[in-house]
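Take a look at the letters that make up each chain.
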Amino acid sequence: MCDYLYYLGDNMPNMTLAIPKELHKVMKEHAEIRWSEVARRAMWEQARKLELLEALTEKSELTEKDVKNIGGKIKIGLRKRVIDEISS
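Computed from a predicted model, the values in this text were never measured in an experiment.

*Asks:* Teacher, can you tell me more about the overall build of the protein chain here?
*Replies:* When its secondary structure is counted, the protein chain shows 3 helices and 0 strands. Its helices and strands in sequence order give the protein chain the pattern α-α-α, from N to C terminus. Here the protein chain, with 88 residues, has 2% of them falling under the buried criterion. A total accessible area of about 8700 Å² is found for the protein chain, and carbon and sulfur atoms account for 59% of it.

Dropping the structure here:
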């Protein structure tokens, strides 16, 4: 756990994260970095990606089965392309 707590105001809920010991060691070696801000930005980035995905798929009529089928075809195509490039 992080040894430092920052007051973020009354409007922001707190979140506790468990991190590996190795990461904690690196974080302690770089105490000048506001790690909570790093985590907050990473979470916002992920949240924005989810919002974009939801907006793009909002009116889609594809079923989950359709999506998995299309995803499988894309993976096969990419795999073939990589193998072809390696073989050349």
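*Asks:* In this structure, what is going on with the pattern of salt bridges? I would like to understand it.
*Replies:* Side chains bearing opposite charge may pair, as long as their charged atoms lie close to each other. Inspection of the entire model under this criterion finds 4 salt bridges. A salt bridge links Glu37 to Arg41, with the shortest nitrogen-to-oxygen separation between them at 3.1 Å. Of this pair, Glu37 and Arg41 are both found in helix α2 (residues 35-57), 4 residues apart, which corresponds to roughly one turn of the helix. Residue Arg41 is classed as exposed on the basis of its relative accessible area of 58%. Where Glu64 meets Lys68, a salt bridge forms, and the shortest distance between an N and an O atom there is 3.7 Å. Of this pair, Glu64 and Lys68 both sit in helix α3 (residues 64-87), 4 residues apart, roughly one helical turn. Take Glu64 and Lys68: they sit in the same class, and that class is exposed. Taken together, the salt bridges that share partners define one network made up of Glu37, Arg40 and Arg41.

Scoring rules and cut-offs
- Residues numbered from 1 in each chain as written.
- Predicted model: local features only at pLDDT ≥ 70, side-chain atom pairs only at ≥ 80, totals over all residues.
- Heavy atoms only, no water.
- Helix = DSSP H or I, 4+ residues; strand = E, 2+ residues; numbered from the N terminus.
- Buried < 20%, exposed > 50% of the residue type's maximum accessible area, 1.4 Å probe, protein only.
- Areas by Shrake-Rupley, 256 points an atom, 1.4 Å probe, with all protein chains shown as cover.
- Salt bridge = Lys/Arg side-chain N within 4 Å of Asp/Glu carboxyl O.

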